[in-house]
Structures are given as C-alpha cells and as structure tokens.
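Spelled out from the first residue to the last, the chains are:
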Amino acid sequence: MDIEIEKKDEYTNGVNVVAVLGSPRKSGYGSKLLTQVLKEFPKGTNIETYSAYELNPTTCNACGYCKACDGCSKKDLDDFMKKFINADVIVFAVPNYNMGLPAPMKALLDRFQRFYEQAKRQKVNSIIPKERVAILIVTSGSDGEIGFEVIKHQFLQAFTYLNIELKGTMLARNTNKAGIDSTDMKNAQDLYRSLRR
C-alpha cells in the first residue's frame, strides 16, 4: 500500500509510523480510512505500511520459547517486529468479523505474547522503553458496536506490555448498506489530531 504524504502539521520528519491493514481488501473501506489518517502526517514522516494478510503470521502455539528466551521461535515476523518496536505511532485498520478480528490480525496480536513473557521474566512493566501511541479504525458491515468493543479490548490487552497508549478509535458502521461517507472520512482525519492530546 503506497501512501503519498503531502500535508504538513505538528509532527516532524523524525516520527516513525507503522500502519497495519487487517482486511483482505486492499481497496476496501478500512484501507480508505487508513489512507485518510496517514495523509494527515507531514511530508517526510517515515511510514511503513503492512497488510496482515500478506504478513500471514504463523499462529502462536505456546511452544514456550519466549518464556525462556527473548524473541520468538517463529522468524516470519522478525522484520515487522523491528519496525513495530521502533515505531512512535501505530495505526491499525481492521474489519469486524463476527464480533472479532479476522484470523491473520488475531494471529498478529497473539504473537505479541513474546513481549509479555519477556517483561514477566525481567520483572518490568514493559521491555520497550519508548512511549508510543496508537490509533484503531474498525469497519463493520452492520451496527458493529459490540464487536467494536470486543476488538478494542483485544488491542488494549495486547498493548499491556508494549508501552502503547491507545489515543484514538473510530467505528465506521453499516458499511454493507451505506459504505463510508464524508463523516467517516472526517472522523479519520480527526484521529490524527487525537495524537496531540
């Protein structure tokens, strides 16, 4: 997903942003809202975009590696994790599937277990010293309120040992009937502003 950044705002060029699309549709509603948020960052912002479906994370099988060693026994996410650990801002755009996350996105969150185990082993609150902020966009074909709350809490749980504060969230609902509209796009723009609060 290539994003052209043209706007200028309060963030400076040294900011690292990791954006993750959790939908299989590269041109779907979630992708459009994610693009809208990323366009708010100033030109020169370091933005890395990922598709959870293209990452296709190997599922965590509780092998025990991260209980004894730093990192994960599965190496498929090593490059992603380097960028993720160094990010200042993380933006997620995910669809609501049966009041939860699509399988590849859930698999990605489950792989954050390594950070929990490392923090527990080292008896620290987080093994990532840098404070980071995150944005969460959820799209739903139906009303989606319950699913939105479930998904939001899944992310909050995953962030527990990652030194990440969830600064802004939005739900674009009833997309099966109405798609997304100008209000949804405005809400996506406002998510960028939530980072400054």
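Preceding block: the structure.
Worth saying up front: this structure is predicted, and the values here are computed from it rather than measured. (Residues numbered from 1 in each chain as written. Predicted model: local features only at pLDDT ≥ 70, side-chain atom pairs only at ≥ 80, totals over all residues. Heavy atoms only, no water.)

Asker: Is there a simple way to explain the environment of Ile90 in this structure?
Answerer: By the secondary structure assignment, Ile90 is in strand E3 (residues 89–95). Taking C-alpha positions, Ile90 is 6.5 Å from Val133, a pair spaced 43 residues apart along the chain. Look past the residues within four positions of Ile90 in its chain and what remains in contact with it is Val18, Phe84, Arg132, Val133, Ala134, Ile135 and Ile164. (Helix = DSSP H or I, 4+ residues; strand = E, 2+ residues; numbered from the N terminus. Contact = heavy atoms within 4.5 Å.)

Asker: What should I look at first to understand the side chain of Arg114 in this one?
Answerer: Here Arg114 is to be found in helix H6 (residues 113–122). Although buried, Arg114 forms no salt bridge, and the nearest oppositely charged side chain, Asp78, lies 5.1 Å from it. Dropping the residues within four chain positions of it, Arg114 is found in contact with Cys66, Gly71, Cys72 and Met81. (Buried < 20%, exposed > 50% of the residue type's maximum accessible area, 1.4 Å probe, protein only. Lys, Arg positive; Asp, Glu negative; His and termini not counted. Salt bridge = Lys/Arg side-chain N within 4 Å of Asp/Glu carboxyl O.)

Asker: What's the story with a nonpolar patch on the surface in this structure? I'm lost.
Answerer: On the surface, Met99, Ile146 and Val150 cluster together into a nonpolar patch covering about 280 Å² of accessible area. When you line up the elements, Val150 lands in helix H7 (residues 145–158). (Patch = residues over 30% accessible without salt bridge, like charges linked within 9 Å, V, L, I, M, F, W, Y side chains within 5 Å. Areas by Shrake-Rupley, 256 points an atom, 1.4 Å probe, with all protein chains shown as cover.)

Asker: Help me out: how do you make sense of the nonpolar core in this one?
Answerer: Among soluble globular proteins, nonpolar side chains are generally buried collectively. With 32 residues, the main nonpolar core has Phe80, Phe84, Phe92, Met105, Phe112 and Phe155 as its most contacted residues. If you list the elements that add at least two residues to this core, you get strand E1 (16–21), helix H2 (52–55), helix H4 (78–86), E3, helix H5 (103–110), strand E4 (132–139), H7 and strand E5 (164–172). Looking at this core, the element that brings in the most residues is H7, giving four residues. The residues contacting Phe84, other than those within four sequence positions of it, are Val18, Ile90, Phe92, Phe112, Arg132, Leu162 and Ile164. Counting residues in hydrophobic clusters, the runner-up holds 22 residues, among them Val91, Ala172, Ala188 and Leu195. (Core = buried A, V, L, I, M, F, W, Y, C linked by side-chain atoms within 4.5 Å.)

Asker: I tried to follow the side chain of Ser51 on my own but got confused; where do I start?
Answerer: Inspection of the secondary structure puts Ser51 in strand E2 (residues 46–51). Exposure remark for Ser51: the relative accessible area of 13% places this residue in the buried category. Here Tyr53 takes part through its backbone nitrogen, which lies 3.2 Å from a polar atom of the side chain of Ser51. (Polar contact = N/O pair within 3.5 Å; in protein donor to acceptor, adjacent residues only side chain to side chain.)

Asker: It is not clear to me how H4 should be interpreted in this structure. Could you clarify?
Answerer: Owing to its 3.6 residues per turn, the α-helix aligns residues three or four sequence positions apart on the same side. For H4, the set of buried residues is Phe80, Met81 and Phe84. Buried positions in H4, seen along its axis, are confined to an arc of 95 degrees and lie on one side of it. H4 presents Asp79 and Lys82 as exposed residues on the side facing more than 90 degrees away from its buried surface. (Arc of directions from axis to C-beta.)

Asker: How should I be thinking about the sheet that holds E5 in this particular structure?
Answerer: The strands making up a sheet are joined through hydrogen bonds of the backbone, oriented either antiparallel or parallel. Pairing is parallel across the open sheet formed by five strands, whose spatial order is E2-E1-E3-E4-E5. The open sheet is flanked by E2 and E5, the only strands paired with a single partner. With strand direction ignored, the average angle separating the axes of adjacent strands in the sheet is 15 degrees. Direction of pairing for E1 relative to E2: parallel, over a ladder of six bridges. The residue bridging Asn16 from the neighbouring strand is Asn46, located in E2. Packed onto the sheet, H4 meets E1, E2, E3, E4 and E5 and runs at close to 130 degrees relative to E1. The sheet strands contacting H7 are E3, E4 and E5, and the helix crosses E5 at an angle near 165 degrees. (Pairing = 2+ DSSP bridges. Axes fitted to C-alpha atoms, helices over the stretch in contact; angles between N-to-C directions.)

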